[in-house]
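Architecture at a glance
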Amino acid sequence: MKRYGLIGYPLTHSFSKKYFTEKFEKQGIADCKYDLFEIKDINELPNIIKNNPDLKGLNVTIPYKETVIKFLDKVDDAVKKIKAVNVIKVTDGKLKGYNTDYLGFKQSLTKFLPQDFKSKALVLGSGGASKAVKTVLDDLGIPYITVSRKPDQGKGTSMLYEEVNQAVVDSHHLIINTTPVGQYPHIKESPMLPYTLFTPNHYFFDLVYNPQETLFLLKGKAKGAKTKGGLEMLHLQAEFAWEIWNNG
């Protein structure tokens with residue numbers, strides 16, 4: 001039996017367990033199992049590895065995407081830039097970390113944007129999810145500004161939501177929401193942007209996948225903008241994880 005699982009806290013609702021359990025059933029994969037490892041402290045990880053010798057891979061979720069790195073023997077290049085891990089491959093007790101949020105977002109975004117896209121991006125939010133997004137934008141050569149509720153002390157250019165004006169909107173045609181604003185059950189909320197200024201030349205991408213069409217996307221669509229939600233990215237990052245565990 002090959003065992004896979006998810007570490008995090010709390011794990012009240014897990015996309016990964018449902019996704020992989022259904023995958024195993026649909027594809028007739030009989031020798032695989034996916035478990036939840038809800039741990040209150042990341043220092044419990046070595047015991048999970050030790051007590052589950054059939055463990056081949058783990059997903060990592062909040063709040064351990066960064067603190068897990070100190071337990072890994074190796075990390076891939078994307079992790080070195082992002083400083084966050086959401087997938088671990090276990091080989092003979094050795095752990096290697098990957099970031100499939102990076103891979104999933106990159107593939108989903110490049111499918112969404114026209115090949116000749118030449119504009120800049122506004123990245124809404126400065127939390128953990130924004131790190132993978134900004135690394136993808138760097139690698140694709142798309143300049144960006146981080147928009148947040150408080151002044152951002154990190155690297156790169158940033159501004160507050162209330163500073164987004166006509167000039168900013170006119171020069172930044174890709175708008176990416178990396179915050180949980182608008183996520184179920186808070187479906188009547190959206191990032192505080194001047195939506196009346198957007199046009200059919202804009203592209204709205206939301207990492208939120210529940211609901212599939214957030215108020216942020218609906219407001220963009222009302223102005224003629226192209227829109228995309230986070231469900232495809234979520235599925236892609238899960239499939240990249242499966243590929244890494246079995247081939248990577």
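Our subject in this report is the structure included herewith. (Residues numbered from 1 in each chain as written. Predicted model: local features only at pLDDT ≥ 70, side-chain atom pairs only at ≥ 80, totals over all residues. Heavy atoms only, no water.)

**What about the pairing of strand 7 (residues 120-124)?**
- Counting buried residues in strand 7 gives four out of five residues, a clear majority hidden from the surface.
- Pairing analysis gives five bridges linking strand 7 to strand 10 (residues 172-177), with the strands arranged parallel. Bridge pairing links Ala121 to Leu174 in strand 10.
- Note: strand 7 against strand 8 (residues 144-148), four bridges, orientation parallel. Counterpart to Ala121 in the pairing with strand 8 is Tyr144.
- Chirality of the crossover, the property in question, places the unit of strand 7, helix 5 (residues 128-140) and strand 8 among those that are right-handed. (Buried < 20%, exposed > 50% of the residue type's maximum accessible area, 1.4 Å probe, protein only. Helix = DSSP H or I, 4+ residues; strand = E, 2+ residues; numbered from the N terminus. Pairing = 2+ DSSP bridges. Right-handed = clockwise from strand over helix to strand, strands pointing away.)

**As for helix 7 (residues 215-222)**
- Among the residues making up helix 7, those that are buried are Phe216, Leu217 and Gly220. What you see down the axis of helix 7 is that its buried residues fit within an arc of 95°, all on one side.
- With its phi angle positive at about 90°, Gly224 sits one or two positions after the end of helix 7. (Arc of directions from axis to C-beta.)

**Thoughts on the packing of helix 4 (residues 100-112) against helix 8 (residues 231-246)**
- The interhelical angle for the contact between helix 4 and helix 8, taken along N-to-C directions, is 130°, at an axis separation of 8 Å. One element, helix 4, and the other, helix 8, form an angle in the oblique class. Seen along the crossing, helix 4 lies across helix 8 with a hand that is right-handed. In this structure, helix 4 uses Thr100, Asp101, Leu103, Gly104, Phe105, Gln107, Ser108 and Lys111 to contact helix 8, whose residues at the interface are Glu232, Met233, Leu236, Gln237, Phe240, Ala241 and Ile244. (Axes fitted to C-alpha atoms, helices over the stretch in contact; angles between N-to-C directions. Parallel < 35°, antiparallel > 145°, perpendicular 65-115°, else oblique. Left-handed = near helix turned anticlockwise from the far one by under 90°. Contact = heavy atoms within 4.5 Å.)

**Things to note about the packing of aromatic side chains**
- Evaluated as defined, the whole model comprises 20 aromatic pairs.
- A centroid spacing of 4.9 Å and a plane angle of 25° characterise the contact between Tyr4 and Trp245, whose relative ring orientation is stacked. Placement of Tyr4 in strand 1 (residues 2-8) and of Trp245 in helix 8 is noted, with a sequence separation of 241 residues between them.
- With a relative accessible area of 1%, Tyr4 lands in the buried category.
- Each member of the aromatic cluster is reached from another via a ring pair, and the members are Tyr4, Phe15, Tyr19, Phe20, Phe24, Tyr34, Tyr209, Trp242 and Trp245.
- Lying across the ring of Tyr203, Lys226 places its NZ or CZ 5.4 Å from the centre. (Phe/Tyr/Trp six-rings, centres within 6.5 Å; stacked < 30°, edge-to-face > 60°. Lys NZ or Arg CZ within 6 Å of the ring centre and 35° of its normal.)

**Things to note about the environment of Lys80**
- Within the secondary structure, Lys80 is located in helix 3 (residues 77-82).
- Accessibility expressed as a relative area gives 49% for Lys80, which makes it partly exposed.
- Taking the C-alpha atoms as reference, Lys80 lies 18 Å from Gly141; in sequence the two are 61 residues apart.

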